[in-house]
Amino acid sequence: PDLLTFSAGAGGEEGAAFADTLFSLFILFFAAKVGEEVFRRINQPGVIGELLGGFIVGPFALGLADVTLTAEVFAELGVVILLFTVGLEVRIDDLLAVGPMALAVGFIGFVLPIIAGTAIGFIIGADMLAAVLVGLALAATSIGITSRVLAEMGVLDRAFSRVILGAAIVDDILALLAIGLLSGFAEGELGVDTLLTLVAGLLFVGIGLALAPLGRRVPRAVFVWPKFADTPTVPVFIIMFAGALLAQFVGLAAIIGAFVVGLIIAETPVREEVEHGFRSLLGIFAPFFFAVTGANIDMSALLEPRLLLIVLVLAVMGVLTKLVGGIIGSWRLGKWNSIVVGLGMSPRGEVGIVVAALGLSLALIERETYAVLLAAVILTTLVAPVMLQWAIPRAPRDERHQDEAGAAA
């Protein structure tokens, strides 16, 4: 189609489709910002308002906006930028200091939901593979929601935040392996591809963490050497994109690549300039991710009492198992700090949705089970910011105790 025709507002069916897409993007963004404004006015996390704003205008409520492919691209770009900026605010030395603790939180908080979800799957009559898929949908953590809440509350420098971020990476790698194994079992074949993907993912994260300290030796001049770079923001945006693509290529989520690049850039002299340059990009693109997530919420599963009960049981078990994993894995941080870690691992978001969609595409679950899983996943996504808002102020800032705990870990 002719872009000039699009820009002129004509073009028949193509022009009408473009206008519909543009209108949906506008409605999603506007609803997200209105929701954020309302919730911030009442001293609640703005991300909840963005999620609810997307739901209200989405196809399962007022139907004012469609979740088009373009909207999904905007959403993915938004969460990539979000995780990059989170990486900018985390120092590599601080992250590595809580590495063993994050590993424990990620592993325990991954295994417990699988056990609980699989048991629930058997109780509701699912076969083995379908029951395991229910558990896997409860196991994977979405860091996009939690990181936004932590950033809004200004606590990304706290020990519990570093543990959450590190554990989320562990979860992503474990989810990658589990999804590959489940798909292989469902399709009757398990080749070496799953193992190779896991190794590539581990190497990617390991090399990224190893390279991060070398960023301290990179002078600012390197980032502004290109003629198109008046500031380091544009070259860094290209590097972020490359990192996200590389992570996707090796089988990891693009957001992990963006996060690792953020860790590296955080060690360079341009950290503050880049953080300032990305602030506007974050305010524009991140709301699309949360609005699209909200727009995908289908509450129909909540209309039937039996299904509603299953949804509530799955959501409660999803939160409790992550909470227990966080408390056990990070208990040395203290009672409330470990509670915050567990609650921060609770939202499933897009990761749980992907697992549920995989089960449907492989014919492992029926549409009814798919709707129940989606509702449970979204419920954990909605309640996690509220619980964090309640728990974080109760977590004492005892830096001496936290530093000792990190060293002991």
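The preceding data block contains the structure.
Along each chain, numbering runs from 1 in the same order as the chain's sequence is written. It should be noted that, the model being predicted, local features are given only for residues of pLDDT at least 70 and side-chain atom pairs only at 80 or more, the latter also being counted only at that level, while totals for whole chains, interfaces and linings use all residues. Note that the side-chain values use all heavy atoms of the structure and ignore hydrogens as well as water.

**Observations regarding the overall build of the chain**
Step number 1: Elements are defined by DSSP. Helices are runs of H or I of four residues or more, strands are runs of E of two residues or more, and each kind is numbered from the N terminus. Looking only at helices and strands, one finds 19 helices and 0 strands in the chain.
Step number 2: For every residue, the accessible area (1.4 Å probe, protein chains only) is compared with the maximum for its type, and the residue is labelled buried under 20%, exposed over 50%, or partly exposed between those bounds. Classification of the 409 residues of the chain by burial places 51% in the buried group.
Step number 3: Whether two residues are in contact is decided by their heavy atoms: any pair within 4.5 Å suffices. Long-range pairs, those at least 24 residues apart, make up 79% of the contacts in the chain between residues at least 6 apart in sequence.
Step number 4: Surface accessibility in these figures is a Shrake-Rupley result with a 1.4 Å probe; residues are shielded only by whichever protein chains are displayed. With an accessible surface of roughly 18000 Å², the chain has 69% of that area assigned to carbon and sulfur atoms.

**Comments concerning the environment of threonine 70**
Step number 1: You can see threonine 70 is positioned in helix H4 (residues 69-88).
Step number 2: Once the C-alpha coordinates of threonine 70 and phenylalanine 18 are considered, the two residues, 52 residues apart in sequence, prove to be 10.0 Å apart.
Step number 3: Beyond its immediate stretch of four places on either side in the chain, threonine 70 contacts Thr21 and Leu25.

**Looking at the packing of helix H12 (residues 233-249) against helix H13 (residues 254-265)**
Step number 1: Two elements in contact, H12 and H13, have axes separated by 7 Å at closest approach and are oriented at 140°. Our classification of the angle between H12 and H13 gives oblique. Judged by the sense of rotation from one axis to the other, the crossing of H12 with H13 is right-handed. On the side of H12, the interface is formed by Val236, Ile239, Met240, Gly243, Ala244, Ala247 and Gln248, while H13 contributes Ala254, Gly257, Ala258, Val261 and Ile265. Axis lines are fitted through C-alpha atoms, for helices just across the contact stretch, and the angle between N-to-C directions can take any value from 0 to 180 degrees. Oblique is the label for any angle not under 35 degrees, not over 145, and not in the 65 to 115 range, which are roughly parallel, roughly antiparallel and roughly perpendicular in turn. We call a crossing left-handed when the near helix sits turned anticlockwise from the far one by less than a right angle, and right-handed when that turn is clockwise.

**A short note on the pattern of salt bridges**
A side chain with one charge can pair with a side chain of the opposite charge if their charged atoms come near.
Step number 1: The term salt bridge refers to a side-chain nitrogen of Lys or Arg lying within 4 Å of a carboxyl oxygen of Asp or Glu. A complete count under the given rule lists 8 salt bridges for this structure.
Step number 2: The residue arginine 40 makes a salt bridge to glutamate 152 at a minimum N-O spacing of 3.7 Å. Taken together, the residues span a long stretch of sequence, with arginine 40 in helix H2 (residues 12-41) and glutamate 152 in helix H8 (residues 143-152) at a distance of 112 residues.
Step number 3: Judged by its relative accessible area of 46%, arginine 40 falls in the partly exposed class.
Step number 4: Taking the relative accessible area as the measure of exposure, glutamate 152 reaches 26% and is therefore partly exposed.
Step number 5: Through salt bridges with shared partners, a single ionic network connects Lys33, Glu36, Arg40 and Glu152.

**Observations concerning the environment of valine 155**
Step number 1: Within the secondary structure, valine 155 sits in the loop between H8 and helix H9 (159-187).
Step number 2: Sequence-wise, valine 155 and isoleucine 392 are 237 residues apart; in three dimensions their C-alpha atoms are separated by 8.6 Å.
Step number 3: Once residues within four sequence positions are removed from consideration, valine 155 is found in contact with Leu150, Phe160, Ser161 and Ile392.

**Considerations on the nonpolar core**
Step number 1: Buried Ala, Val, Leu, Ile, Met, Phe, Trp, Tyr and Cys residues form a nonpolar core when they are joined through side-chain atoms within 4.5 Å. With 90 residues, the main nonpolar core has Phe84, Phe160 and Ile265 as its most contacted residues.
Step number 2: It is H4 that contributes the most residues to this core, 11 residues altogether.
Step number 3: Other than its neighbours up to four places away in sequence, isoleucine 265 contacts Phe84, Leu88, Phe223, Val236, Val270, Arg271 and Val274.
Step number 4: Counting 27 residues, the second-largest nonpolar core is a separate cluster that includes Ala130, Ala175, Ala178 and Ile310.

**Thoughts on the packing of aromatic side chains**
Step number 1: Side-chain rings of Phe, Tyr and Trp, where Trp is taken by its six-membered ring, are said to pair if the distance between their centres is within 6.5 Å; with planes under 30 degrees apart they count as stacked, over 60 as edge-to-face, and otherwise as tilted. Scanning all chains against the criterion turns up 9 aromatic pairs.
Step number 2: On the numbers, 4.9 Å between centres and 70° between planes, the contact of phenylalanine 289 with phenylalanine 290 is edge-to-face.
Step number 3: Connected via pairs of aromatic rings, a cluster forms that spans Phe29, Phe74, Phe285 and Phe288.

Geometric descriptors of this kind do not, in isolation, establish any biological role.
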